[in-house]
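# Fold and contact review
Next come the chains, spelled out residue by residue.
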Amino acid sequence: MNRIFSGVQPTGNLHLGNYLGAIRNWVTLQHDYDCIFCIVDLHALTLPQDPVQLKAQTREVTAAYIAAGIDPEHCVIFNQSSVPGHAELAWLLSCLTPLGWLNRMTQFKEKAGKQREDAGLGLYAYPVLMAADIILYKATHVPVGEDQKQHLELARDIAGAFNRRYGVEFFPLPEPMIFGTATRVMSLRDGAKKMSKSDASDYSRINMTDDAEAIALKIRKAKTDPLPLPADEKEAEARPEADNLLGIYAALANLTRQEAIAKFAGQSFSGFKTELADLSAEVLGKIGGEMRRLLAEPGYIDGILKRGSERANAIAKPHMNEVFDIMGLLRP
Ligand code: TYM
């Protein structure tokens, strides 16, 4: 069976983009693949984290996976740092990754900003760790949002570089799976910026744990232009804020983008926003409620992670032993 690997960083607030761009798709794919879903806590360390918060957020992301409908019996759910193979393989792969490949990564440039000299080595090497995450399990498919596309291309290049260097067909080249009508959910305050966990404005994103009132307020305040809703797809494409809200609606209502546009064409934003807020609250209300219930039982969450890390290790360890052997690292 083909294998899926994907993950979310336990940093800040999980939002609608994480849900619609990634987690929701995992739920639909989980029974057709052998699935491994990770809480990538080592990735979180590429920027400063409060240790107490990091632990809490690791449990919170775990709860979100389960509350959204990932079956922890069928899928492996674990946190990255509990499987040593991730960090080990990242080092080995970093020795065959040219700097030129990393210099092309746009996310590093965005996150490091103007203070490039002060950015950590971990932030720079992040895509190598991400490649290690995936190929450690010989995963064949990686469902993610649009923003991870470049990192996945690099993961394929790194897997290929390993196979070529050692003359083996050891690692499969992982296929990105980027699908749905909300592969890139934009900020509610700025149609040119993606919705992000780290945005300083609370009004920019809908969090997975927001209640109906908070959701309604954020959607009411969402930036739009003064025109009625677009008449067709071509017009929607030229109006990013409207297009974003319609994409979100389509994803939540299981419609195509075209169907969502046709449903509201020419109508005023106020009625549409009310419908969008009601639908968001209906979908997220159930998930948020379940998350709160799960988080009240940290022992249960930790049990899932412990069992998940044992299952993940059982797959990773033999692969690492083979990698050591292929690379000529003696295991006396
Ligand atoms: P992260 O934690 O930033 O995001 C988790 C998932 O949510 C998707 N996503 C979005 N999708 C649509 N619209 C948005 N505004 C939006 N924001 C985030 C992301 O594409 C992602 O699928 N590097 C990864 C984590 C990672 C990983 C991996 C993923 C580490 N190792 C291996 C896959 C495979 C990240 O920072 O995701």
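Further remarks concern the site of the ligand. The environment of the ligand is made up of 27 residues, and the closest members are Tyr126, Asp133, Asp147, Val185 and Lys197. At a separation of 2.5 Å, an oxygen atom of the ligand approaches a polar side-chain atom of Lys197. Here the ligand loses 97% of its free accessible area of 700 Å² to cover by the protein chains. Of all the elements in the fold, those that place two or more residues in the shell around the ligand are β1 (3–8), α1 (16–29) and α7 (121–135). Classifying every residue of the shell around the ligand gives 12 nonpolar, 11 polar and 4 charged.

Moving on to the nonpolar core. Ranked by size, the top nonpolar core spans 61 residues in total, and within it Tyr19, Leu20, Tyr65, Met208 and Phe272 carry the most contacts. By residue number, the principal contributor to this core is helix α13 (residues 269–295), which donates 11 residues. Taken domain by domain, the makeup of this core includes at least three residues from each of domain 1 (3–182 + 298–327) and domain 2 (202–293). Each residue touching Phe272, except ones within four places of it in the same chain, is listed here: Leu229, Leu245, Leu246, Tyr249 and Phe264. Counting 48 residues, the second-largest nonpolar core is a separate cluster that includes Leu93, Leu123, Ala161 and Val323.

What follows covers the packing of aromatic side chains. All told, the structure shown has 14 aromatic pairs when counted by the stated rule. Centre to centre, the rings of Trp26 and Tyr65 are 5.1 Å apart; their planes meet at 75°, and the pair counts as edge-to-face. One end of the pair, Trp26, is in helix α1; the other, Tyr65, is in helix α3 (residues 51–68), and 39 residues separate them in sequence. Judged on exposure class, the residue Trp26 and its partner Tyr65 are both buried. Ring geometry for Tyr249 and Phe272: centres 6.0 Å apart, planes at 55°, overall tilted. Taken together, the positions of Tyr249 in helix α11 (residues 240–253) and Phe272 in helix α13 put the pair 23 residues apart, joining distant regions of the chain. Judged by its relative accessible area of 0%, Phe272 is buried. Through a chain of ring-to-ring contacts, the aromatic side chains of Phe162, Tyr166, Phe170 and Phe171 assemble into a single cluster. Of note, Lys138 hangs over the ring of Phe170, and the distance from its end group to the ring centre comes to 3.7 Å.

A few words now on the domain arrangement of the protein. Parsing the protein into structural domains produces domain 1 (3–182 + 298–327) and domain 2 (202–293). Placing a centre on the C-alpha atoms of domain 1 and another on those of domain 2 gives a separation of 29 Å. Each side of the interface is counted separately: domain 1 has 15 residues, and domain 2 has 19 residues. Both sides of the domain 1 and domain 2 interface together cover about 1,400 Å² of buried area, and 70% of this is carbon and sulfur. Summed over the shared surface of domain 1 and domain 2, the result is 0 salt bridges. Counting across the domain 1 and domain 2 interface gives 7 residue pairs in polar contact (both at pLDDT 80 or more). Those elements giving two or more residues to the side of domain 1 that touches domain 2 turn out to be α1 and α3.

Conventions adopted
Positions within a chain are numbered from 1, following the residues in the order the chain's sequence is written. Totals for whole chains, interfaces and linings use all residues, but because this is a predicted model, local features are given only for residues with pLDDT of at least 70 and pairs of side-chain atoms are given and counted only at 80 or more. Hydrogens and water are ignored here; the side-chain numbers use all heavy atoms of the structure. Proximity criterion: a residue is near a molecule or strand once any of its heavy atoms comes within 4 Å of it. In the analysis that follows, any N or O atom pair within 3.5 Å is treated as a polar contact, provided that within protein one partner can donate a hydrogen and the other can accept it, and provided that, for residues neighboring in sequence, both atoms belong to side chains. For accessible areas, the Shrake-Rupley method is used with a probe of radius 1.4 Å. Any residue's cover is judged against the shown protein chains and nothing else. Elements are defined by DSSP. Helices are runs of H or I of four residues or more, strands are runs of E of two residues or more, and each kind is numbered from the N terminus. Classes in brief: Ala, Val, Leu, Ile, Met, Phe, Trp, Tyr, Cys and Pro nonpolar; Asp, Glu, Lys and Arg charged; the others, Gly included, polar. Here, nonpolar core means buried Ala, Val, Leu, Ile, Met, Phe, Trp, Tyr and Cys residues that are tied together by side-chain atoms lying within 4.5 Å of each other. With a 1.4 Å probe rolled over the protein chains alone, any residue whose accessible area is under 20% of its type maximum counts as buried; one over 50% counts as exposed, and the rest are partly exposed. A domain assignment, automatic or from a database, supplies the domain bounds used here. In what follows, a contact means two residues having at least one pair of non-hydrogen atoms within 4.5 Å. Two rings from Phe, Tyr or Trp (for Trp, the six-membered ring) form a pair when their centres sit within 6.5 Å of each other. Planes less than 30 degrees apart are called stacked, planes more than 60 degrees apart edge-to-face, and all others tilted. For a lysine, the NZ atom is tested; for an arginine, the CZ atom; a charge sits over a ring if that atom is within 6 Å of the ring centre and within 35 degrees of the ring normal. A 1.4 Å probe defines the accessible area here, and the buried area is the portion of it lost by two parts on being joined, summed over both. We define a salt bridge as a side-chain nitrogen of Lys or Arg found within 4 Å of a carboxyl oxygen belonging to Asp or Glu.

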